[in-house]
Amino acid sequence: MPLRSSQAMSAESPDKIHLPKTSESAALQKIRHTTSHVMAMAVQKLFPKVQVTIGPWIENGFYYDFDSPEPFTEKDLKAIKKEMTKIIRRQLPVTREEVSRAEAQQRIQQIQEPYKLEILGDIKQEPITIYHLGDQWWDLCAGPHVANTAELDPDAIALESVAGAYWRGDETKAQLQRIYGTAWESPEQLAEYQRRKAEAIRRDHRKLGKELGLFIFSDLVGPGLPLWTPKGTIIRSTLENFLQQQQLKRGYQPVVTPHIGRVDLFKVSGHWQKYKDDLFPMMAEDADAEANEQGFVLKAMNCPFHIQIYKSDLRSYRELPMRLAEFGTVYRYEQSGELGGLMRVRGFTQDDAHLFVTPEQLDDEFLKVVDLIQTVFQALQLKSFKARLSFRDPNSDKYIGGDEAWDKAESAIRRAVETLGMEHFEGMGEAAFYGPKLDFIVQDALDREWQLGTVQVDYNLPERFDLEYVADDGTRKRPVMIHRAPFGSLERLIGILIEEYAGDFPVWLAPVQVRLLAVGDEFLPFANQVAAQLLAIGARAEVDRSGDRLGKLIRNAEKDKIPVMAIVGAKEVEANSLSIRTRAAGELGIIPVVEVLARLKQTNETHTDF
RNA sequence: GCCGAUGUGGCUCAGUGGUAGAGCACUCGAUUCGUAAUCGAGCGGUCGUGGGUUCAAAUCCCACCAUCGGCUCCA
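Residues numbered from 1 in each chain as written. Chains lettered and ligands numbered in written order. Predicted model: local features only at pLDDT ≥ 70, side-chain atom pairs only at ≥ 80, totals over all residues.

A short note on unusual backbone geometry
Quick note on the threshold: Going along the chain from the N terminus, every DSSP run of H or I of four or more residues is numbered as a helix, and every run of E of two or more is numbered as a strand. Partly exposed residues are those falling between the two cut-offs: more than 12 but fewer than 20 other C-beta atoms within 10 Å of their own, whereas 20 or more means buried and 12 or fewer means exposed, with C-beta atoms placed from the backbone.
With an omega of 0°, the peptide bond running from Glu126 to Pro127 counts as cis. With respect to the helices and strands, Pro127 occurs in the loop between helix H5 (114-122) and strand E5 (128-133). One non-glycine residue with positive phi stands out, namely Gln381, at about 60°. Note on placement: Gln381 falls in the loop between helix H13 (362-379) and strand E16 (385-391). Classification of Gln381 by C-beta neighbours within 10 Å gives exposed; the count is 11.

Here's the deal with the environment of Leu420
Relative to the helices and strands, Leu420 is located in helix H14 (residues 403-420). By the C-beta count within 10 Å, which is 15 here, Leu420 ends up partly exposed. Residues Leu420 and Gln244, spaced 176 residues apart in sequence, show a C-alpha to C-alpha distance of 24 Å.

Looking at the packing of H13 against H14
Put simply, the rule is: Inter-axis angles, ranging from 0 to 180 degrees, are taken between N-to-C directions of lines fitted to C-alpha atoms, where helices are fitted over the stretch in contact. Any angle that is under 35 degrees is reported as roughly parallel, and any over 145 degrees as roughly antiparallel; angles of 65 to 115 degrees are reported as roughly perpendicular and all others as oblique. Note on convention: near helix rotated counterclockwise from far helix by under a right angle means a left-handed crossing. Clockwise means right-handed. For every residue pair, C-beta atoms are placed from the backbone, and the pair is scored as a contact if these atoms sit within 7 Å. Ten residues, namely Ala, Val, Leu, Ile, Met, Phe, Trp, Tyr, Cys and Pro, are considered nonpolar, four, namely Asp, Glu, Lys and Arg, are considered charged, and the remaining ones, Gly among them, are considered polar.
Interaxial distance between H13 and H14 falls to 10 Å at its minimum, and their mutual angle equals 55°. Overall, the two elements H13 and H14 adopt an arrangement that is oblique. As for the relative orientation of H13 and H14, their crossing is right-handed in sense. Of the residues in H14, those touching H13 at Leu362, Asp363, Phe366, Leu367 and Val370 are Ala412, Arg415, Ala416, Thr419 and Leu420. Residues of the contact of H13 with H14, tallied by class, amount to 7 nonpolar, 1 polar and 2 charged.

Below, the structure is given as structure tokens:
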């Protein structure tokens, strides 16, 4: 049997079918809204003891939260889907009814649905709208809905998963059973959605990271603690070197600080009071120390350490801005259920820096940081990010510092995005406890959002640590701090990049840039010699010594996503040249070794294509 | 942390109460080969860990660990 053609292996069917998000399509909003009601009706038919709560549409489908004495299983989903199909086939009219609050209350009491009563309490306006499916099931709902269940296509609906979810998103409240589903206008759309989902799973950094040998996890080391293999480490250090260069150009000064520090340090910063439970447990020398909270903890952030360096001398306004930068590895005891691949880990390295500036320098310095982040994102070809202004929730007491400091910090961030004309949205309650942030958010392959870069304006830690500088008039003044991390964490960034590139790293970041493939073993000495030349100019090259036939060597190099393959045989040896085949462009023909060396050097220096 | 699912050689997976399987990888042998898999043989698993039920457990039960999907959290 012939193997699948290369075309079949690399073919991507063009995205002919447009799949709108729910928020972009009024039709889908109705379909998904009604489908969630149909699902709730089906669930209550099959499980009469189940109580319904809420069931909104979401961007790719819908869900409904149920209070059920028994958790649902995959098997239940099949039965529920079957029942939904029956309901749809009955062609039930979906009718809207407006009732008074008292009437709604009475009807809810009739069917004994306490959650609905709570929901009713939250609805401010009157009349209350109710949507009926036929005459057997209804729910409080703002709508809109399709007019008849016949408008739904059972073959365009799929129930996807079951999950626990807290009532009102509050972990102190009851845990409900959530069923996620998706619904489309046509079976073709559903099929396309499922195809894309399968495609997304193929890009998952956990899968690709394993296949490409970039990082591992070990049960013996512990959950959320990635170990970087030689290949993954090349990516990491290439990214670090790239950023380090950018930062040196911009006047940053590298520093190095310890991985642990006294609890007292974090008491001054306020982190201990705030995040005690999210740190790895304190190391105390004896029971006495333990009882008095005297001990050391693994650092979960670098700022207090950098602050100590700032404070180690009396600073003049002439020294500011002072930009202390460190690839600082921090440890956070994240909840076990939160861990996932490289996106959320317990030990990670921040590309951290703390800028100590005069109040007058703040705006300018903030803009410079944003410029750096944009430069970095551009070099990495990260195009689809969102900028979030993360401000404090005025109704929460989880922040330190006075209103004046917060207002000043928030307005500094506002001024910056306005100056830049940057598209952004506001995230209420997303601020750090010491100050507001400008965050850069990206999506992973499975549409989950993650924060990468961040810039934070902080008037509070300078206060808590009593930071000063001598101003030009000889008086002592308080500096402002900017906390910033363009990558956020190396781990998360690399996770995102793996998915963004689907494992096809640009040549300057690829762990192996060139693999030399010998047509026969007798050409291996030449391949070795060329590899040595490549290594000498800082390119990353290796020789495939497996002795397999060329077809197999190419296949393996493709599977390993090696960007440049250099084939050597008699012709090449004779002309001191290489047959170049790239993953991106296929066969490029025979190129002299000196030219290949020059091109790779260029690629590594300028981060452009080979 | 909570709800649910999953855990079989390095990798991907089959095996539902009766002595552990396949492909790839790896090793060895043959082949000396020009742009996506040469042929053959061999090595390799106390079936996540620990208990229990049973004449007998990868398979059933319990606990723990890890992973996955959500929820909550995220300096």
